[in-house]
Amino acid sequence: PAGVSIRDATKTFNTLPVNGLGEVPARSVLLDSSGHLLATYYPHDIFRIPVTWNQIAPVMRDAIVAIEDYRFWHHGAFDLHGTLRALSSTLSSSQVQGGSDLAQQYVKNACILTHTSQAEKLRCSEFSPVRKITELRAAANIERSMTRAQLLVAYLNVAYFYHQAYGIKVASEYYFSEPPSKLTLTQAALLAGIVESPTQYDPVANPQNALARRAQVLTAMAEHGYIS
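Keep in mind that what you see is a predicted model, and the values were worked out from it rather than measured.

(A) A look at the nonpolar core. The biggest cluster of nonpolar side chains holds 44 residues, and the ones touching the most others in it are Met60, Ile64, Tyr106, Phe161, Ile168 and Leu191. Of all the elements in the fold, those that place two or more residues in this core are α2 (58–68), α4 (102–114), α6 (129–145), α7 (148–158), α8 (168–176), α9 (185–194) and α10 (207–223). In terms of residue count, α7 provides more of this core than any other element does, seven residues in total.

(B) Local environment of the packing of α4 against α6. Here α4 crosses α6 at 110°, and the two axes come no closer than 8 Å. One finds that α4 runs roughly perpendicular with respect to α6. Seen along the crossing, α4 lies across α6 with a hand that is right-handed. Along its contact with α4, which presents Ala103, Gln104, Tyr106, Val107 and Lys108, the element α6 presents Arg131, Lys132, Glu135, Leu136, Ala138, Ala139, Ile142 and Glu143. A breakdown of the residues in the contact of α4 with α6 according to their chemical character gives seven nonpolar, one polar and five charged.

(C) Quick look at α4. Taking 1.5 Å per residue, 13 residues should reach 18 Å; α4 reaches 18 Å between its end C-alpha atoms and fits that length. Most of α4 is tucked away, with ten of its 13 residues classed as buried. Along α4, the positions that sit buried rather than exposed are Leu102, Ala103, Gln104, Gln105, Tyr106, Val107, Asn109, Ala110, Cys111 and Leu113. If you follow the buried residues of α4, they end up packed against α2, α6 and α7.

(D) Spatial organisation of unusual backbone geometry. Unusually for a residue other than glycine, His163 sits at a positive phi of about 55°. Here His163 is to be found in the loop between α7 and α8. One non-glycine residue with positive phi stands out, namely Gln164, at about 60°. Mapped onto the fold, Gln164 is located in the loop between α7 and α8. Relative accessible area serves as the criterion here: at 49%, Gln164 is assigned to the partly exposed category.

(E) Local environment of the packing of aromatic side chains. Applying the stated criterion across every chain yields a total of five aromatic pairs. Ring centres of Tyr160 and Tyr162 lie 6.3 Å apart, and the angle between their planes is 70°; this geometry places the pair in the edge-to-face category. With relative accessibility at 25%, the residue Tyr162 sits in the partly exposed group. Ring-pair connections join several aromatic residues into one group, and the members of that group are Trp53, Phe72 and Trp73. Stacked on the ring of Phe72, the Lys or Arg Arg148 has its end atom at 4.3 Å from the ring centre.

(F) Looking closely at α8. All of the buried residues in α8 are Ile168, Lys169, Val170, Ala171, Ser172 and Tyr175. Those residues of α8 hidden inside the fold are in contact with α2, α7 and α9. Positive phi shows up at Ser177, right after α8, with a value of about 55°.

(G) Looking closely at the pattern of salt bridges. Applying the stated rule across the entire model yields four salt bridges. Put simply, Arg213 and Glu68 hold a salt bridge, and the shortest N to O gap is 3.6 Å. Of this pair, Arg213 sits in helix α10 while Glu68 sits in helix α2; the two residues are 145 residues apart in sequence, bridging distant segments of the chain. Both residues of the pair, Arg213 and Glu68, belong to the buried class. The partner of Glu173 in a salt bridge is Lys169, and the shortest N-O contact between them spans 2.7 Å. Separated by four residues within a single helix, Glu173 and Lys169 lie in helix α8, roughly one turn from each other. Take Lys169: its relative accessible area is 18%, and that puts it in the buried class.

(H) Just the environment of Arg214, in detail. Residue placement: Arg214 occurs in helix α10. Relative accessible area serves as the criterion here: at 27%, Arg214 is assigned to the partly exposed category. Separated by 23 residues in sequence, Arg214 and Leu191 have C-alpha atoms that sit 8.0 Å apart. Here Arg214 is in contact with Thr186, Ala189 and Leu190, once residues within four sequence places are set aside.

Reading guide: rules and limits
Residues numbered from 1 in each chain as written. Predicted model: local features only at pLDDT ≥ 70, side-chain atom pairs only at ≥ 80, totals over all residues. Heavy atoms only, no water. Core = buried A, V, L, I, M, F, W, Y, C linked by side-chain atoms within 4.5 Å. Buried < 20%, exposed > 50% of the residue type's maximum accessible area, 1.4 Å probe, protein only. Helix = DSSP H or I, 4+ residues; strand = E, 2+ residues; numbered from the N terminus. Axes fitted to C-alpha atoms, helices over the stretch in contact; angles between N-to-C directions. Parallel < 35°, antiparallel > 145°, perpendicular 65-115°, else oblique. Left-handed = near helix turned anticlockwise from the far one by under 90°. Contact = heavy atoms within 4.5 Å. Nonpolar A, V, L, I, M, F, W, Y, C, P; charged D, E, K, R; others polar. Expected span 1.5 Å × (residues − 1). Phe/Tyr/Trp six-rings, centres within 6.5 Å; stacked < 30°, edge-to-face > 60°. Lys NZ or Arg CZ within 6 Å of the ring centre and 35° of its normal. Salt bridge = Lys/Arg side-chain N within 4 Å of Asp/Glu carboxyl O.

Given below as C-alpha coordinates:
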(Lines give C-alpha, C1' and ligand atoms only; values in the text may rest on other atoms or scores of the structure.)
Protein backbone atom coordinates (compact mmCIF):
# COMPACT_ATOMS: atom_id res chain seq x y z
CA PRO A 1 0.00 0.00 0.00
CA ALA A 2 1.05 3.57 -0.59
CA GLY A 3 0.91 4.39 3.11
CA VAL A 4 3.35 1.62 3.98
CA SER A 5 5.69 2.64 1.17
CA ILE A 6 5.67 6.27 2.36
CA ARG A 7 6.22 5.22 5.97
CA ASP A 8 9.18 3.03 5.02
CA ALA A 9 10.57 5.70 2.71
CA THR A 10 10.33 8.28 5.49
CA LYS A 11 12.21 6.01 7.89
CA THR A 12 14.91 5.29 5.34
CA PHE A 13 15.23 8.94 4.32
CA ASN A 14 15.56 10.20 7.88
CA THR A 15 18.07 7.57 9.05
CA LEU A 16 20.26 7.05 6.00
CA PRO A 17 23.84 8.27 6.56
CA VAL A 18 25.14 10.47 3.76
CA ASN A 19 28.84 10.90 3.09
CA GLY A 20 30.20 14.25 1.99
CA LEU A 21 30.54 14.81 -1.73
CA GLY A 22 34.24 15.47 -1.36
CA GLU A 23 36.39 17.82 -3.39
CA VAL A 24 35.15 18.10 -6.96
CA PRO A 25 38.19 17.95 -9.29
CA ALA A 26 39.12 21.26 -10.90
CA ARG A 27 42.12 22.84 -12.55
CA SER A 28 45.06 23.70 -10.30
CA VAL A 29 47.96 25.94 -11.22
CA LEU A 30 51.56 26.07 -9.94
CA LEU A 31 53.13 29.52 -9.81
CA ASP A 32 56.66 30.68 -9.07
CA SER A 33 57.51 33.30 -6.43
CA SER A 34 56.84 36.05 -8.97
CA GLY A 35 53.40 34.75 -9.82
CA HIS A 36 54.32 33.33 -13.21
CA LEU A 37 52.63 30.13 -14.34
CA LEU A 38 54.87 27.06 -14.11
CA ALA A 39 52.37 24.24 -14.65
CA THR A 40 48.67 23.43 -14.92
CA TYR A 41 47.20 20.29 -13.38
CA TYR A 42 43.83 18.65 -14.08
CA PRO A 43 43.03 15.95 -11.46
CA HIS A 44 41.93 12.63 -13.00
CA ASP A 45 42.28 14.32 -16.42
CA ILE A 46 39.01 16.17 -15.81
CA PHE A 47 39.09 19.47 -17.67
CA ARG A 48 36.97 21.68 -15.39
CA ILE A 49 37.46 25.35 -14.54
CA PRO A 50 34.90 26.76 -12.05
CA VAL A 51 33.55 30.27 -12.55
CA THR A 52 31.59 32.69 -10.36
CA TRP A 53 28.06 34.09 -10.66
CA ASN A 54 29.23 37.25 -12.41
CA GLN A 55 31.24 35.21 -14.92
CA ILE A 56 28.09 33.54 -16.27
CA ALA A 57 25.79 35.42 -18.63
CA PRO A 58 22.30 35.99 -17.13
CA VAL A 59 20.72 34.31 -20.18
CA MET A 60 22.70 31.15 -19.39
CA ARG A 61 21.48 31.09 -15.81
CA ASP A 62 17.92 31.69 -16.98
CA ALA A 63 18.06 29.08 -19.73
CA ILE A 64 19.18 26.24 -17.46
CA VAL A 65 16.54 27.07 -14.83
CA ALA A 66 13.76 27.34 -17.42
CA ILE A 67 14.42 23.94 -18.99
CA GLU A 68 15.75 21.91 -16.06
CA ASP A 69 13.98 23.22 -12.94
CA TYR A 70 11.57 26.08 -13.66
CA ARG A 71 10.43 26.21 -10.01
CA PHE A 72 14.02 26.62 -8.82
CA TRP A 73 13.61 30.17 -7.50
CA HIS A 74 10.20 29.44 -5.95
CA HIS A 75 10.12 25.99 -4.34
CA GLY A 76 12.45 27.15 -1.55
CA ALA A 77 13.33 24.62 1.11
CA PHE A 78 13.49 20.91 0.36
CA ASP A 79 10.00 19.57 -0.40
CA LEU A 80 9.88 16.48 1.82
CA HIS A 81 6.19 15.75 1.11
CA GLY A 82 6.73 15.77 -2.64
CA THR A 83 9.91 13.79 -2.21
CA LEU A 84 8.17 11.05 -0.26
CA ARG A 85 5.44 10.79 -2.89
CA ALA A 86 8.13 10.32 -5.54
CA LEU A 87 9.84 7.74 -3.34
CA SER A 88 6.57 5.88 -2.92
CA SER A 89 6.23 5.65 -6.71
CA THR A 90 9.84 4.55 -7.00
CA LEU A 91 9.56 1.86 -4.34
CA SER A 92 6.38 0.42 -5.85
CA SER A 93 7.69 0.22 -9.43
CA SER A 94 10.62 -1.23 -11.32
CA GLN A 95 12.38 2.04 -12.02
CA VAL A 96 12.96 5.46 -10.51
CA GLN A 97 10.08 7.86 -11.08
CA GLY A 98 9.99 11.63 -11.51
CA GLY A 99 12.48 14.23 -12.59
CA SER A 100 15.36 15.65 -10.60
CA ASP A 101 15.66 19.27 -9.55
CA LEU A 102 18.96 21.13 -9.85
CA ALA A 103 20.05 20.17 -6.32
CA GLN A 104 19.65 16.47 -7.11
CA GLN A 105 21.39 16.89 -10.47
CA TYR A 106 24.25 18.67 -8.73
CA VAL A 107 24.64 15.81 -6.26
CA LYS A 108 24.66 13.20 -9.05
CA ASN A 109 27.18 15.09 -11.19
CA ALA A 110 29.46 15.87 -8.25
CA CYS A 111 29.33 12.22 -7.24
CA ILE A 112 30.43 11.15 -10.73
CA LEU A 113 33.26 13.69 -10.79
CA THR A 114 34.63 12.78 -7.36
CA HIS A 115 34.93 9.04 -8.07
CA THR A 116 37.68 7.54 -10.17
CA SER A 117 36.55 4.00 -11.04
CA GLN A 118 33.93 3.37 -13.71
CA ALA A 119 31.97 1.13 -11.33
CA GLU A 120 31.74 3.92 -8.75
CA LYS A 121 30.67 6.41 -11.40
CA LEU A 122 27.90 4.09 -12.58
CA ARG A 123 26.62 3.72 -9.03
CA CYS A 124 26.18 7.50 -8.86
CA SER A 125 23.46 7.36 -11.52
CA GLU A 126 22.07 3.82 -11.32
CA PHE A 127 18.30 3.32 -11.30
CA SER A 128 17.70 2.10 -7.76
CA PRO A 129 15.58 3.32 -4.82
CA VAL A 130 18.59 3.26 -2.46
CA ARG A 131 20.66 5.44 -4.80
CA LYS A 132 17.75 7.85 -5.28
CA ILE A 133 17.10 8.14 -1.56
CA THR A 134 20.79 8.81 -0.93
CA GLU A 135 20.79 11.48 -3.63
CA LEU A 136 17.66 13.12 -2.19
CA ARG A 137 19.14 13.17 1.32
CA ALA A 138 22.37 14.73 0.04
CA ALA A 139 20.36 17.26 -1.99
CA ALA A 140 18.43 18.23 1.14
CA ASN A 141 21.70 18.91 2.95
CA ILE A 142 22.99 20.93 0.00
CA GLU A 143 19.87 23.08 -0.12
CA ARG A 144 20.24 23.90 3.58
CA SER A 145 23.88 24.92 3.23
CA MET A 146 23.77 26.97 0.00
CA THR A 147 21.81 29.95 -1.20
CA ARG A 148 19.85 29.45 -4.41
CA ALA A 149 22.42 31.52 -6.34
CA GLN A 150 25.31 29.49 -4.93
CA LEU A 151 23.56 26.24 -5.85
CA LEU A 152 22.87 27.41 -9.40
CA VAL A 153 26.51 28.35 -9.94
CA ALA A 154 27.68 25.08 -8.37
CA TYR A 155 25.42 23.12 -10.70
CA LEU A 156 26.61 24.96 -13.80
CA ASN A 157 30.19 24.27 -12.76
CA VAL A 158 29.65 20.48 -12.68
CA ALA A 159 27.11 20.01 -15.49
CA TYR A 160 28.29 17.79 -18.34
CA PHE A 161 28.06 19.21 -21.86
CA TYR A 162 29.68 16.27 -23.71
CA HIS A 163 33.11 16.12 -25.42
CA GLN A 164 34.72 16.00 -21.94
CA ALA A 165 33.37 19.49 -21.26
CA TYR A 166 32.56 19.64 -17.56
CA GLY A 167 31.17 22.95 -16.37
CA ILE A 168 29.90 25.97 -18.23
CA LYS A 169 33.29 27.62 -18.78
CA VAL A 170 34.82 24.70 -20.65
CA ALA A 171 31.58 24.10 -22.57
CA SER A 172 31.26 27.73 -23.61
CA GLU A 173 34.84 27.84 -24.84
CA TYR A 174 34.61 24.44 -26.56
CA TYR A 175 31.44 25.12 -28.55
CA PHE A 176 31.65 28.90 -29.11
CA SER A 177 35.22 30.02 -28.27
CA GLU A 178 33.69 32.50 -25.82
CA PRO A 179 33.77 32.84 -22.04
CA PRO A 180 30.42 32.07 -20.39
CA SER A 181 29.96 35.77 -19.58
CA LYS A 182 29.69 36.51 -23.32
CA LEU A 183 27.14 33.87 -24.28
CA THR A 184 24.20 35.07 -26.38
CA LEU A 185 20.62 33.94 -25.86
CA THR A 186 20.69 31.31 -28.60
CA GLN A 187 24.10 30.03 -27.53
CA ALA A 188 22.93 29.73 -23.93
CA ALA A 189 19.77 27.92 -25.01
CA LEU A 190 21.79 25.42 -27.05
CA LEU A 191 24.09 24.65 -24.10
CA ALA A 192 21.20 24.39 -21.65
CA GLY A 193 19.57 21.86 -23.92
CA ILE A 194 22.56 19.54 -23.98
CA VAL A 195 22.63 18.50 -20.32
CA GLU A 196 19.48 16.38 -20.36
CA SER A 197 21.02 13.96 -22.86
CA PRO A 198 24.53 14.99 -23.97
CA THR A 199 24.81 12.28 -26.63
CA GLN A 200 21.39 12.86 -28.16
CA TYR A 201 21.71 16.66 -28.17
CA ASP A 202 25.37 16.87 -29.14
CA PRO A 203 25.45 19.76 -31.65
CA VAL A 204 28.54 18.33 -33.34
CA ALA A 205 27.21 14.86 -34.15
CA ASN A 206 23.46 15.59 -34.01
CA PRO A 207 22.94 19.23 -35.07
CA GLN A 208 19.25 18.84 -35.93
CA ASN A 209 18.49 17.29 -32.54
CA ALA A 210 20.46 20.07 -30.86
CA LEU A 211 18.56 22.81 -32.72
CA ALA A 212 15.20 21.21 -31.93
CA ARG A 213 16.18 21.01 -28.28
CA ARG A 214 17.36 24.65 -28.39
CA ALA A 215 13.87 25.60 -29.60
CA GLN A 216 12.39 23.77 -26.60
CA VAL A 217 14.64 25.73 -24.25
CA LEU A 218 13.68 29.06 -25.86
CA THR A 219 9.99 28.12 -25.63
CA ALA A 220 10.41 27.27 -21.94
CA MET A 221 12.17 30.59 -21.34
CA ALA A 222 9.27 32.43 -22.95
CA GLU A 223 6.67 30.41 -21.01
CA HIS A 224 8.34 31.23 -17.70
CA GLY A 225 8.87 34.91 -18.41
CA TYR A 226 12.62 35.03 -19.03
CA ILE A 227 12.22 36.30 -22.60
CA SER A 228 9.41 37.83 -24.59
